[in-house]
Amino acid sequence: MSKLEQGAFPWDIPQTKPDRPLSAAMQRLYENYQTPRPEDNDLFSSFKYTRVEGLDYSNSDGTVSRRDPSKIIKIDGLYYVWYTKRHTPLPPRGAEQCTDDIPSMDWDLADIFYATSKDGLHWQEQGVAVKRPSKPELGWRSISTPDILVWQGRYYLYYQAFMEASGTKGDHCPVTMAWSDSPRGPWTATGEIVVENGEPGSWDQFSIHDPYLLVYKGKIHLYYKSAYGDRPDYLVGNGLAIADNPHGPFEKHSLNPILNSGHETCYFPFKEGIAALAIRNGNESNTIQYSKDGVNFNLASVTQLMPIAAGPYIADAFDDTGDGIGISWGLSHMADKKDPTTKYSFLARFDCNLLQNSEKNDCHETDVVHDPEVYFAQALTAEQRKKRGI
Ligand code: AAL
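It is worth spelling out the site of the ligand at this point. As a structural note, the neighbourhood of the ligand is formed by Arg67, Asp68, Trp107, Thr145, Gln160, Asp171, His209, Asp210, Lys225, His263 and Glu264. Between Arg67 and the ligand, the recorded distance is 3.3 Å, taken from a side-chain N or O atom to an oxygen atom. Note that an oxygen atom of the ligand is positioned 3.5 Å from one of the side-chain N or O atoms of Asp68. The class makeup of the residues in the shell around the ligand is one nonpolar, four polar and six charged.

Another aspect to go through is the sheet that holds strand β11 (residues 209-216). Taken together, four strands build an open sheet; the order of strands is β11-β12-β13-β14 and the sheet is antiparallel. Two strands bound the open sheet, and with one partner strand each, they are β11 and β14 (251-252). Pairing of strand β13 (residues 235-243) with β14, which is carried by two bridges, proceeds in the antiparallel orientation. Counted as the bridge partner of Ala241 is Lys252 from β14.

This brings us to the sheet that holds strand β9 (residues 175-180). One open sheet accounts for four strands, arranged β7-β8-β9-β10; its pairing is antiparallel. The outermost strands of the open sheet, each flanked by one partner alone, are β7 (142-151) and β10 (188-195). Taking each pair of neighbouring strands and ignoring which way they run, the sheet shows an average axis angle of 30°. Relative to strand β8 (residues 154-162), β7 runs antiparallel, the two sharing eight bridges.

This paragraph deals with the pairing of strand β18 (residues 298-302). Here strand β17 (residues 287-291) runs beside β18; their pairing, made up of four bridges, is antiparallel. In the strand pairing of β18, Thr287 is matched with Val302.

Below, the discussion takes up the packing of aromatic side chains. Taken as a whole and assessed by the stated rule, the structure comprises 20 aromatic pairs. Taking the centre distance of 6.4 Å and the plane angle of 80° together, the rings of Tyr223 and Phe297 count as edge-to-face. A residue pair is termed long-range when its members are at least 10 positions apart, and Tyr223 in strand β12 (residues 219-228) and Phe297 in the loop between β17 and β18 qualify at 74 residues. Across this residue pair, the class does not change: Tyr223 and Phe297 are buried. Members of the aromatic cluster, connected to one another through ring pairs, are Tyr80, Trp82, Tyr114 and Trp187.

Calculation criteria
- Residues numbered from 1 in each chain as written.
- Predicted model: local features only at pLDDT ≥ 70, side-chain atom pairs only at ≥ 80, totals over all residues.
- Heavy atoms only, no water.
- Near = heavy atom within 4 Å.
- Polar contact = N/O pair within 3.5 Å; in protein donor to acceptor, adjacent residues only side chain to side chain.
- Nonpolar A, V, L, I, M, F, W, Y, C, P; charged D, E, K, R; others polar.
- Pairing = 2+ DSSP bridges.
- Helix = DSSP H or I, 4+ residues; strand = E, 2+ residues; numbered from the N terminus.
- Axes fitted to C-alpha atoms, helices over the stretch in contact; angles between N-to-C directions.
- Phe/Tyr/Trp six-rings, centres within 6.5 Å; stacked < 30°, edge-to-face > 60°.
- Buried < 20%, exposed > 50% of the residue type's maximum accessible area, 1.4 Å probe, protein only.

Here it is, written out as structure tokens:
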């Protein structure tokens, strides 16, 4: 019997690629994904959200914002997170109306704060970790979007260092670093750029955003995002820079960008490789990806409602075991955009199931039903309605 005469595709779905002619879609099902059903896939998850307790937002008046949490680490039984905190007399007013005290964007005129928690839900803000320095030092205008590295017993915070109000020309900044012998500080800011913007004309010439640190194959891996091309026709990509020492030099990978989508960075050791959440912006928004070498990522699953700017709890982020266990919760940020004049962001907890060999009946729904308000919040603008005559 020739392959073409084999009859219809079987009812009982084959778990491995059957030896028969397959359509492009069915070939992809077996070649691109770890299992034919997402419900059985270790790198598929749905996401659940819970309001965080213990952080005050000044009655949501837009003067206090917390966003872009770092990955979470556990030290002596306590979870630690670092994040961008803005506390300004007024909410963001855009680049034209900003002053020395009035922010342009949500992450303008910000500092790096930290909080601790016993359970990942109730958080106590412990105060400032790194304050922005005075003019004209590196990051004088704002410091934001931190991530943590623990390397040979010392703590390192990497973060964006702005020398102009974001939005003036774009969202331009390089990355700097501060170190401490304790997660509670005091932190010593190096005052130096650790990951430089690219050469003129290169994709990352204006910005290195969202530094994200893992230890992999004996080396410090710093993933980052850059937005390239001019808005609104811009693309986001993620790059990788590798170092032997937290102070650098960080060498950018020759294959950068290594992700073609993903506005904020989120990576974790998984099995022998590295997994990534490509959260938003780009052709591969809402995907979870996997690479066996930390560089060449392939789609592992497609999902929805991913956590924005996810900072997961990663138990083995720096252990370099070669057998990463995965993630099951973390913090992300959300913004209430209903009233643009009081815009701010707040931290929220997400839960997921991206653990090796985990129970597959937890956080594996592929059919997530949203409240109708979620759809109607995506309203046409007045101009779009006019164009459509409605
Ligand atoms: C975030 C991150 C970076 C950008 C801005 C603040 O979501 O991508 O941190 O600079 O937006």
